[in-house]
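This is what each chain is made of:
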Amino acid sequence: MATRFAPTKPTRRNWPFADNTFDAAICFYVGMNIADKAAVIGQAFRVLKPGGKLIWTEAVLAGGEPNYPLPWAVGPVTSHLVDRDTLKTLFADAGFHIDEVIDETGEHVELAMQRASSDIIPSPAQQQANEIVLGTEFVQRRKNYIRSLCEGKLASLAVIVSRS
């Protein structure tokens, strides 16, 4: 008989890190997968020392429904996108000071265009590794992401915040 894993909701007793533990933290393009962003951002605030920095990068809604499937989700039900203002509010509500919001959309599009116009193609081994790790449909998902950025439906942000 197989044992089912039942995740436990974090309580103060089983938190893996104490309050005021870290000088800095990063969340790199994970937020689109997080339904309860407020809880995660609140935990980041809790474990950062006063003056600590968090760099959070995330794709956000910018103008209309993006083109699915995307690298992180096959459709809106499995995607947890918010708009720029909502994301900023989540950080402010957690107690963070917003130091800077950097829109990286142009850089993502430019890099994709450079790669598309180059003669560089993945080797068969790289292509196989990408398919195993990212799925056979990842190329289309990536194209949809870049298309959504180009059409202004998504933006790519880097948010730098500090704990006061």
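A few points on the structure. (Residues numbered from 1 in each chain as written. Predicted model: local features only at pLDDT ≥ 70, side-chain atom pairs only at ≥ 80, totals over all residues. Heavy atoms only, no water.)

**Points about the nonpolar core**
Then, number 1: Membership of the largest hydrophobic core comes to 18 residues, with the highest contact counts inside it found for Leu-54, Trp-56, Leu-87, Phe-91 and Phe-96.
Then, number 2: When contributions to this core are tallied by element, the ones reaching two or more residues are α1 (37–47), β2 (48–61), α2 (84–94) and β4 (154–163).
Then, number 3: Membership of the second largest hydrophobic core comes to 13 residues, among which are Trp-72, Ala-112, Tyr-145 and Leu-149. (Core = buried A, V, L, I, M, F, W, Y, C linked by side-chain atoms within 4.5 Å. Buried < 20%, exposed > 50% of the residue type's maximum accessible area, 1.4 Å probe, protein only. Helix = DSSP H or I, 4+ residues; strand = E, 2+ residues; numbered from the N terminus.)

**Let's talk about the packing of aromatic side chains**
Then, number 1: The final tally for this structure, using the stated rule, is six aromatic pairs.
Then, number 2: Both rings, one in Phe-17 and one in Phe-22, keep their centres 5.0 Å apart while their planes meet at 75 degrees; by these two values the pair is edge-to-face.
Then, number 3: Judged by its relative accessible area of 31%, Phe-22 is partly exposed.
Then, number 4: Arranged with centres 6.0 Å apart and planes meeting at 75 degrees, the rings of Phe-91 and Phe-96 form a pair that is edge-to-face. Note on accessibility: Phe-91 and Phe-96 belong to one class, buried.
Then, number 5: Here the aromatic residues Phe-45, Trp-56, Phe-91 and Phe-96 are joined through ring pairs into a cluster of three or more.
Then, number 6: Across from the ring centre of Phe-45, 4.5 Å away, lies the NZ or CZ of Arg-163, which sits over that ring. (Phe/Tyr/Trp six-rings, centres within 6.5 Å; stacked < 30°, edge-to-face > 60°. Lys NZ or Arg CZ within 6 Å of the ring centre and 35° of its normal.)

**Digging into the environment of Phe-45**
Then, number 1: When you line up the elements, Phe-45 lands in helix α1.
Then, number 2: Placed 116 residues apart in sequence, Phe-45 and Val-161 show a C-alpha to C-alpha distance of 9.7 Å.
Then, number 3: When sequence neighbours within four positions are dropped, the list of residues in contact with Phe-45 reads Ala-94, Gly-95, Phe-96 and Arg-163. (Contact = heavy atoms within 4.5 Å.)

**Thoughts on the pattern of salt bridges**
Pairing of side chains with opposite charge becomes possible as their charged atoms draw close.
Then, number 1: Evaluation of the coordinates by the stated rule reveals eight salt bridges.
Then, number 2: With a closest N to O distance of 2.7 Å, Asp-19 and Arg-46 form a salt bridge. A residue pair is termed long-range when its members are at least 10 positions apart, and Asp-19 in the segment before β1 (22–28) and Arg-46 in helix α1 qualify at 27 residues.
Then, number 3: Residue classification places Arg-46 among the buried residues on the basis of a relative accessible area of 11%.
Then, number 4: Two residues, Arg-141 and Glu-137, come together in a salt bridge whose shortest N-O distance is 3.1 Å.
Then, number 5: A relative accessible area of 33% places Glu-137 in the partly exposed class.
Then, number 6: Taken together, the shared-partner salt bridges in this structure form one network comprising Arg-147, Glu-151 and Lys-153. (Salt bridge = Lys/Arg side-chain N within 4 Å of Asp/Glu carboxyl O.)

**Some details on the sheet that holds β1**
Then, number 1: On the basis of which strands lie adjacent, the open sheet formed by four strands has the order β1-β2-β4-β3 and mixed pairing. Strands at the two margins of the open sheet, each flanked by one partner only, are β1 and β3 (96–103). Across the sheet, the axes of successive neighbouring strands diverge by a mean angle of 15 degrees, strand direction being ignored.
Then, number 2: The strands touched by helix α3 (residues 105–117) are β3 and β4; relative to β4, the strand with the most contacts, the crossing angle is about 135 degrees. (Pairing = 2+ DSSP bridges. Axes fitted to C-alpha atoms, helices over the stretch in contact; angles between N-to-C directions.)

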